[in-house]
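A closer look at the structure
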Amino acid sequence: MYQKRFFSGLFILTAISSFAQSAFTISGNISDAHGNPVPGISIVLKNTTIGDATDLNGDYQLKIYEPGNYTIVVTGIGYESRSQNISLKTEQIIIQNFKLRERTVSMDEVVITGQSEAEALRLKGYAVEVIESNEQKNLTADINQVLKGTSGVNLRESGGLGSGFKLSLNGLSGNQIRYFIDGVPMENFGSALTLNNFQVNLIDKLEVYKGVVPVALGADALGGAINIVTGYRQKSFLDVSYSYGSFNTHRGSFNGQYADEKNRYFVKLAAFVNHSDNNYEMKNVPLYDLELGNYLGDIRTKRFHDNYTSGMLFFETGLFNRSLADNISIGLTYANNRKNYQHPDNNIKRVFGHFHTDNETFLASAKYDRQFKKIHLKAFVNAGQIEEDIVDASTRKYNWAGDFIERAPEDPRGELLQRRSHLVMTDKILNSHIGLDYEVNDNHSISFSFTQNHLDRMGKDLLDAFNKSFASPSHVNKNILGLAYSFASTDSKLKTTAFGKSYWYRGRIITQDYENNDVTTEPDNHNNGFGAAISYKIMHDLLIKASYEKAFRLPESYEILGDGIYVNPNSTLRPEKSNNFNFGARYAHQFPGVRFKAEANYFYRFSEDFIRFNPLGPFGEYENLNNVKTEGVEGSIDVNYRDLISLHANITYQNLTDRTEFDEGLPNTNYKSRVPNIPYFFYNIRFGISPSKRSSENKFSMYWHTRYIHEFFLIWENLGNPNEKNIIPTQLIHDLQGEYSMRDGRYNVSLTISNLADALVYDNFSIQKPGRAVYLKLRYFLH
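Remember, it's a predicted structure, so these values are computed and weren't measured experimentally.

This part covers the overall build of the protein. For the protein, the helix and strand inventory stands at 4 helices and 49 strands. On C-alpha atoms alone, the protein measures out to a radius of gyration of 27 Å, which is about the 28 Å that the 2.2 N^0.38 rule sets for 783 residues. Principal-axis analysis of the C-alpha atoms gives the protein an extent of 85 × 55 × 50 Å. A buried classification covers 53% of the 783 residues belonging to the protein. Considering only contacts in the protein between residues 6 or more positions apart, those separated by 24 or more positions represent 66%. Accessible surface, the protein: about 33,800 Å² in total, of which carbon and sulfur atoms supply 55%. Taking the average place of the 82 positive charges on the side chains of the protein and the average place of its 87 negative ones, the gap between the two points comes to 5 Å.

Once that is clear, we can look at empty space enclosed by the protein. Within the structure shown, the criterion is met by 7 cavities of 30 Å³ or more. By volume, the largest cavity amounts to about 170 Å³. Forming the walls of the largest cavity are 20 residues, and the residues nearest its centre are K545, E599, A600, N601 and E634. Secondary-structure elements contributing two or more residues to the lining of the largest cavity are β9 (128–132), β34 (542–553), β35 (576–591), β36 (594–608) and β39 (627–641). Counting residues per element, the lining of the largest cavity draws most heavily on β35, at 4 residues. Here the residues of the lining of the largest cavity are counted per class, giving 7 nonpolar, 8 polar and 5 charged. Counting contributing residues per domain, the lining of the largest cavity is built from domain 2 (121–229) and domain 3 (237–782), each supplying no fewer than three.

Moving on, we get to the pattern of salt bridges. Summed over all chains, the structure comprises 31 salt bridges. Close ionic contact of E549 with K501 constitutes a salt bridge, the shortest N to O distance being 3.0 Å. Taken together, the residues span a long stretch of sequence, with E549 in strand β34 and K501 in strand β31 (residues 494–512) at a distance of 48 residues. With respect to class, E549 is no different from K501; both count as buried.

Our next topic: the packing of aromatic side chains. Applying the stated criterion to the full structure yields 17 aromatic pairs. Members of the aromatic cluster, connected to one another through ring pairs, are F304, Y398 and F404. It is K339 that lies over the ring of Y341; its NZ or CZ is 4.7 Å from the centre. One Lys or Arg, R370, reaches over the ring of F372 and ends 5.1 Å from the middle of that ring.

The next point concerns the side chain of R707. Structurally, the position occupied by R707 is in strand β44 (residues 699–709). A distance of 2.6 Å separates a polar atom in the side chain of R707 from a polar atom in the side chain of N154. With near-sequence residues (within four places) excluded, R707 lies in contact with K148, V153, N154, L155, F682, Y683, N684, Q731, L732 and I733.

Reading across from one edge, β9-β15-β16-β13-β14 is the order of the 5 strands in this open sheet, with mixed pairing throughout. Two strands bound the open sheet, and with one partner strand each, they are β9 and β14 (184–185). Where β9 meets strand β15 (residues 205–210), 5 bridges bridge the pair, whose relative direction is antiparallel. Paired with E132 across the bridge in β15 is K205.

This paragraph deals with the environment of F404. One can find F404 in strand β27 (residues 404–406). Taking the C-alpha atoms as reference points, F404 and F700, separated by 296 residues in sequence, lie 51 Å from one another. Not counting chain neighbours up to four residues away, the residues in contact with F404 comprise L290, R396, K397 and Y398.

Turning to the side chain of E559, a few remarks are in order. Of note, E559 is situated in helix α4 (residues 557–561). Residue E559 is classed as buried on the basis of its relative accessible area, which comes to 1%. Within the local environment of E559, its side chain forms a polar contact with the side chain of R553, the two groups lying 2.8 Å apart. With residues up to four places along the chain from it excluded, the contact list for E559 reads N175, R553, N568, N570, L573, I611 and Y622.

The pLDDT averaged across the protein works out to 86; a share of 92% of its residues lies at or above 70. When the criterion is pLDDT under 50, residues 15–21 qualifies, and its contacts beyond four places in sequence or with other chains add up to 15 contacts. Note on residues 104–114: pLDDT is under 50 here. Beyond four places in sequence and across chains, it has 14 contacts.

As a further point, take the sheet that holds strand β10 (residues 153–157). Pairing in this open sheet of 3 strands is antiparallel, and the strands run β10-β11-β12 from one edge to the other. Each edge of the open sheet is held by one strand with a lone partner, namely β10 and β12 (172–173). Looking at chain direction, strand β11 (residues 165–169) and β12 are connected through 2 bridges and run antiparallel. Bridge assignment links L169 to a residue of β12, and that residue is L172.

This next bit is on the nonpolar core. By size, the foremost hydrophobic cluster in this structure holds 60 residues, and its most contacted members are L147 and F198. Each of domain 2 (121–229) and domain 3 (237–782) gives at least three residues to this core. With residues near it in sequence (within four places) discarded, F198 still touches D142, I143, I181, M186, L193, F272 and M312. If you look at the next biggest cluster of nonpolar residues, it comprises 19 residues, including F24, V38, I41 and L100.

Reading guide: rules and limits
- Residues numbered from 1 in each chain as written.
- Predicted model: local features only at pLDDT ≥ 70, side-chain atom pairs only at ≥ 80, totals over all residues.
- Heavy atoms only, no water.
- Helix = DSSP H or I, 4+ residues; strand = E, 2+ residues; numbered from the N terminus.
- Rg over C-alpha atoms; globule rule 2.2 N^0.38 Å.
- Buried < 20%, exposed > 50% of the residue type's maximum accessible area, 1.4 Å probe, protein only.
- Contact = heavy atoms within 4.5 Å.
- Areas by Shrake-Rupley, 256 points an atom, 1.4 Å probe, with all protein chains shown as cover.
- Lys, Arg positive; Asp, Glu negative; His and termini not counted.
- Charge placed at Lys NZ, Arg CZ, Asp CG, Glu CD.
- 1 Å grid on protein atoms, 1.4 Å probe; cavity = no way out; pocket = protein on both sides within 12 Å on 5 of 7 lines; lining within 4 Å.
- Points joined across faces, edges and corners; volume = space filled by probe spheres on them.
- Nonpolar A, V, L, I, M, F, W, Y, C, P; charged D, E, K, R; others polar.
- Domains from an automatic or database assignment.
- Salt bridge = Lys/Arg side-chain N within 4 Å of Asp/Glu carboxyl O.
- Phe/Tyr/Trp six-rings, centres within 6.5 Å; stacked < 30°, edge-to-face > 60°.
- Lys NZ or Arg CZ within 6 Å of the ring centre and 35° of its normal.
- Polar contact = N/O pair within 3.5 Å; in protein donor to acceptor, adjacent residues only side chain to side chain.
- Pairing = 2+ DSSP bridges.
- pLDDT = per-residue confidence, 0-100.
- Core = buried A, V, L, I, M, F, W, Y, C linked by side-chain atoms within 4.5 Å.

And the structure:
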């Protein structure tokens with residue numbers, strides 16, 4: 001069935017391409033006199049509205065749909081303008097590179113410059129943060145570590161590399177945030193393809209939408225969305241890196257593409273591999289007698305069963321700049337991981353010595369992208385199978401000293417479960433999307449999107465014949481329809497968007513009751529949401545913007561079905577809904593030798609049927625918490641002095657409170673109390689120096705990063721004596737990073753010292769995180 005659906009999707013993409021019309025393509029690279037790529041340069045066709053701005057690699061591309069004679073005009077701050085006449089007669093591709101000479105710019109001179117794609121997104125009404133990865137590609141970092149330094153974002157982890165994590169965006173977290181890679185939803189991709197597996201070399205930028213999400217992503221996101229943009233280039237390139245560091249941590253990545261600009265096809269290969277023993281020292285962990293279970297006191301010891309290994313291989317090939325498509329491609333992805341568990345994710349009292357999971361993911365995809373004269377059409381189809389093995393087969397019982405005893409032969413218990421188990425879960429997924437943008441004229445446009453996401457799940461326990469979890473197949477299906485209207489004033493000062501979304505959620509879910517009998521639930525929900533975003537330039541350097549959305553978030557498959565490990569099923573979960581509002585201001589100005597930017601944002605969320613994980617010992621289930629109000633402010637500043645000194649700082653204060661006055665007819669004791677286990681005040685400061693001259697082909701940079709998280713309660717603040725309750729203590733963490741680039745960035749080496757002061761740091765559910773760690777990274781880049 002999945003093969004039929006997938007190839008039906010391919011047929012639809014092929015049929016779409018038949019509507020294509022001929023086009024001319026002008027592309028190239030812009031560099032300075034030393035051959036360094038120059039980003040943010042404006043390229044326009046004189047006396048037309050056609051233009052582009054160079055990306056971080058100095059590349060640009062123009063699309064023209066009428067033959068004739070044109071003049072390319074190239075302008076940018078600090079460089080002499082260039083122009084070039086061209087003649088377009090028949091469908092063709094023109095490669096036009098430019099080298100620019102620097103010049104002195106007087107303070108009174110008015111310069112017209114282009115706008116990069118990232119900058120254009122920042123100027124829209126959405127509360128969005130665009131994080132360009134170019135500055136961090138030489139450093140030892142994955143996507144999670146890049147996101148940590150973003151205002152409004154807090155990341156909580158339960159350990160080292162590969163550990164469980166929870167990302168919070170303006171107070172909303174977990175599945176309330178949706179993740180995409182090049183616009184493709186990543187839900188149900190398996191544990192080998194989570195954010196902490198992707199190294200920064202594999203991405204171009206991150207788009208962080210806070211609260212309000214555009215219809216183009218087709219998301220049922222309650223609190224926002226993060227879109228990973230890998231970057232599409234019609235160029236050949238190679239990016240290879242390897243890092244080694246503390247706790248026997250190895251991380252490697254490969255990102256390469258061959259693009260034949262004459263025959264207009266490309267072949268791309270991307271891969272990563274990660275491994276860590278995660279054997280960092282644990283301080284003050286409880287030691288229990290294995291025979292009687294008596295508490296013997298706290299000890300200091302190293303973790304001994306927390307290894308993590310993951311890998312991915314992605315292959316893609318396709319055509320570009322053809323009459324049928326600007327870009328049409330097919331791709332294959334294989335990924336796997338092995339994760340050993342030292343203890344449950346929410347406490348350290350129970351210790352494991354063999355419990356582990358294995359994941360294997362196979363995905364096949366097809367993408368289509370075509371810019372017609374007034375219509376931009378994008379579509380994808382993605383199908384795959386994800387298999388997860390959960391192995392709790394050991395007869396041993398461990399403590400933190402690494403000692404163990406063998407259980408009696410008649411004792412059926414594993415390390416975690418009441419019966420030894422080897423559960424194999426198999427998910428089959430199919431998702432697809434079609435998006436269409438129609439430009440009515442220079443001021444008005446209409447956008448349409450439709451997204452479909454289907455999952456089938458089955459399971460079988462190879463050891464425990466009594467375990468019927470997922471033995472009967474379950475399935476869930478989500479459909480999301482979006483329509484938006486956008487207006488931009490002729491002077492581009494005012495930009496508005498109004499949109500509506502429809503959500504359909506259907507499924508057949510089979511769980512077991514306490515007597516192990518099948519219980520079938522068939523949810524069938526339909527909800528409508530709407531919203532708007534507006535931005536207005538009060539003056540050239542000052543922008544204000546506001547956005548609102550009535551958003552819905554449909555429950556995830558593992559929230560309803562359970563994960564086979566710690567999450568118990570709950571088939572009665574209802575969709576979350578939230579009223580999200582943002583109001584912000586952005587100021588950006590270029591002083592002589594100094595670039596300055598400041599942003600501030602107020603956010604408000606009122607969520608109903610709020611889904612929250614309720615831990616019960618090492619296990620737990622997701623439940624609807626009724627009403628939760630989130631309110632907060634965030635701000636950031638960026639200062640750059642002649643590319644020699646840089647400073648970035650951001651701060652966030654947020655307050656999440658339970659607004660349910662009555663619970664099942666009785667007064668709610670937690671009414672107006674702060675929701676526990678969620679940080680409410682934190683900030684980041686990043687200071688960098690790059691003493692090398694801009695024209696030098698060898699460059700050295702150093703960065704100091706400080707992160708502060710104020711203490712917060714682990715349980716409800718109004719229950720019991722506040723002086724005796726568990727808190728997650730204040731964290732102050734310093735990281736030091738240095739990098740040296742040679743031959744214009746071809747050869748790179750970096751050193752990272754994380755948690756420089758070796759501070760004792762706790763995080764999600766008060767689980768201790770690694771202490772001081774050192775990492776060395778080597779990177780080779782050829783463009």
